[in-house]
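Structural description and commentary
Listed here are the chains, written in short residue letters.
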Amino acid sequence: MPLYNKLKRPQSRHKKTVPPYSRLADYYDEVMSHVNYKNWADYLIDAASRNIREFETVTDLACGTGRLAYYLAESGYNVTGVDSVESMVDQAINRQYTGNRKPEYFTGDLRHPAPVKNQDLVVCIYDSINYLINEIDVGKFLSSVLQIISKKGLLIFDCSTEQNSLSHFNGYEAVDSIEDALLFRRAYYDRKSRIQNNLFEIYPEEDNNMYFEHHIQRIWSIQKIKELIKNNGFQLMAVYGGFTFHRGSESDDRVQFIAKPL
Ligand SMILES: C[S@@+](CC[C@H](N)C(=O)[O-])C[C@H]1O[C@@H](n2cnc3c(N)ncnc32)[C@H](O)[C@@H]1O
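Just so we're clear, the structure is a prediction, and the values are computed from it rather than from any experiment.

**Some details on the overall build of the chain**
Looking only at helices and strands, the chain features seven helices and 12 strands. Radius of gyration (C-alpha) of the chain: 18 Å, near the 18 Å computed for a compact globule of 262 residues. For the chain, the spread of C-alpha atoms along the three principal axes comes to 55 × 45 × 30 Å. Buried residues in the chain amount to 53% of all 262 residues. Considering only contacts within the chain whose residues lie at least 6 apart along the sequence, 67% involve residues at least 24 apart. Total accessible area on the chain stands at roughly 12,800 Å², and carbon and sulfur atoms take up 46% of it. In the chain, which carries 31 positive and 34 negative side-chain charges, the distance between the mean positions of the two groups comes to 6 Å.

Right, here's the structure in full:
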């Protein structure tokens, strides 16, 4: 709770409840500036190389503002990014590229097939799967991936664990003073329903509104995701802990699932 007491909420704002990421999109890169997406891309490339021989086409599902896609493209892959929130996709499209392989972006839902075929590698990172809150939706996600992945392709996605929620995001409060806005964050976890709630209050300097986003995530157990992978046309290759190649467990904050089509 670093600056919470020092920075006060601006008064007399009109509260506008908006869908997750619709307003946060403008500030997402700044809020996530601590995340090393280059290392994340390198980790995924390493994990993929251990499980498939060669790959060229990569689709990043729930790609957000495209920072991972940027580094995958810089590494020479032919990258497509898809996200359901248009303002996140806009940020990705407007990103400056130095390389000559700019990713292609689409707006689309994790539960529907992306507009690509025969992808060698499909990734979905940074808790994005946790936004699918019931088993049917995770099943739809896996069936949709089956429709866009090549027979010898690989799927890699991560989940945030209950350990992560309990240790870092239960009763959490913080405030960020970012360019042109104040951003208040609260998070709490309901153990019974395994639902993680993340609340964002965004106070842009330029208007008199406070934009409120309530993000709801399901904290899946490793066992349940393993079952869903097996029941939806995939073979589980590995579960890794964090950004390692060690077997992942419920005591990791994040686990990586590596699967290939049956
Ligand atoms: C924590 S962000 C991660 C974004 C990006 N992968 C990254 O690493 O920066 C979660 C992302 O999932 C996206 N998302 C959530 N539910 C989705 C769905 N049903 N279909 C597609 N994208 C979704 C959000 O729009 C958001 O961009």
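**Re the site of the ligand**
The full set close to the ligand counts 17 residues, and Y28, Y37, A62, D83 and L110 are the nearest of them. Interatomic distance of 2.9 Å between a side-chain N/O atom of Y28 and an oxygen atom of the ligand. In the model, a nitrogen atom of the ligand is placed 3.4 Å from a nitrogen or oxygen of the I125 main chain. Its free accessible area being 590 Å², the ligand has 94% of it covered by the protein chains. Here the residues of the shell around the ligand sort into 11 nonpolar, four polar and two charged.

**Brief notes about the pattern of salt bridges**
Inspection of the entire model under this criterion finds 16 salt bridges. Across the pair E206 and R23 runs a salt bridge whose closest N-O atoms are separated by 3.3 Å. Taken together, the residues span a long stretch of sequence, with E206 in the loop between β9 (195–204) and β10 (209–218) and R23 in the loop between β1 (14–17) and α1 (28–31) at a distance of 183 residues. Residue classification places E206 among the exposed residues on the basis of a relative accessible area of 56%. Residue R23 is classed as buried on the basis of its relative accessible area of 13%. Salt-bridge contacts for D137 lead to R111; the nearest nitrogen and oxygen are separated by 3.2 Å.

**Notes on the sheet that holds strand β7 (residues 172–178)**
By definition, the strands of a sheet pair up through backbone hydrogen bonds, in either a parallel or an antiparallel sense. Taken in spatial order, the five strands line up as β1-β10-β9-β8-β7 in an open sheet, and their pairing is mixed. The open sheet is flanked by β1 and β7, the only strands paired with a single partner. Along the sheet, successive strands turn relative to each other by an average axial angle of 20°, direction set aside. Bridge count for β9 against β10 is eight bridges, and the pairing is antiparallel.

**Quick word on the sheet that holds strand β12 (residues 254–261)**
Strand order across the open sheet formed by seven strands is β4-β3-β2-β5-β6-β12-β11, with mixed pairing between neighbours. With partners counted over all chains shown, the strands left at the sheet margins are β4 (104–107) and β11 (234–241), one partner each. Pairs of neighbouring strands in the sheet enclose a mean axial angle of 20°, with direction left out of account. In this sheet, β12 lies alongside strand β6 (residues 149–160) in antiparallel orientation, the contact comprising six bridges. Each residue of the ladder has a partner; that of D158, found in β12, is Q256. Of the strands in this sheet, β6, β11 and β12 touch helix α7 (residues 222–231), which is tilted by about 155° from β11.

**Concerning the domain arrangement of the chain**
Entries for the chain in the domain assignment read domain 1 (14–29 + 163–218) and domain 2 (33–160 + 221–261). Between domain 1 and domain 2, the residue contacts involve 16 residues of the former and 22 residues of the latter. Both faces combined, the contact of domain 1 with domain 2 buries some 1,700 Å², and carbon together with sulfur accounts for 43% of it. Contact with domain 2 buries area across many residues of domain 1, yet D29, Q217 and R218 alone supply 35% of it, more than any other trio. Between domain 1 and domain 2 we count one salt bridge in total. Across the salt bridge formed by R95 and D29, the nearest N and O atoms sit 2.7 Å from each other. On inspection of domain 1 and its partner domain 2, the count reaches 13 residue pairs in polar contact (both at pLDDT 80 or more). Only α1, α6 (162–168) and β10 provide two or more residues apiece to the side of domain 1 that touches domain 2.

Conventions used here
- Each residue is numbered by its place in its chain's sequence as written, counting from 1.
- Under the rules for a predicted model, residues below a pLDDT of 70 receive no local features and side-chain atom pairs below 80 are neither given nor counted, while totals for whole chains, interfaces and linings still include all residues.
- Only hydrogens and water are removed before side-chain values are computed, so all heavy atoms of the structure are retained for them.
- Only runs of H or I of at least four residues qualify as helices and only runs of E of at least two qualify as strands under DSSP, and these elements are numbered from the N terminus.
- Here the globule rule is a power law, 2.2 Å times the number of residues to the power 0.38, and the radius of gyration is based on C-alpha atoms.
- Whether a residue is buried, partly exposed or exposed follows from its accessible area with a 1.4 Å probe, protein chains only, as a fraction of its type maximum: under 20%, in between, or over 50%, in that order.
- Note on contacts: a residue pair qualifies if any of its non-hydrogen atoms lie within 4.5 Å across the two residues.
- Only the protein chains shown count as cover for residues, and all accessible areas are computed by the Shrake-Rupley method using a 1.4 Å probe.
- The positive count covers Lys and Arg only, the negative count covers Asp and Glu only, and His and the chain ends enter neither.
- By convention, charge coordinates are those of NZ in Lys, CZ in Arg, CG in Asp, or CD in Glu.
- Any residue with a heavy atom lying within 4 Å of a molecule or strand is counted as near it.
- Whenever two N or O atoms come within 3.5 Å, that pair is a polar contact, provided that in protein one can donate a hydrogen and the other can accept it, and provided that, for residues adjacent in sequence, both atoms are side-chain atoms.
- Amino acid classes used here: Ala, Val, Leu, Ile, Met, Phe, Trp, Tyr, Cys and Pro are nonpolar; Asp, Glu, Lys and Arg are charged; the rest, including Gly, are polar.
- Salt-bridge detection follows one rule: a side-chain nitrogen of Lys or Arg within 4 Å of a carboxyl oxygen of Asp or Glu.
- Pairing between strands is defined by DSSP: at least two bridges between the two strands are required.
- Structural elements are reduced to axes, namely lines fitted to C-alpha atoms, with helices fitted over the stretch in contact, and the angle between N-to-C directions of any two is expressed from 0 to 180 degrees.
- How far each domain reaches was decided by an automatic or database domain assignment.
- Two parts placed together each lose some accessible area under a 1.4 Å probe, and adding up what both lose gives the buried area.

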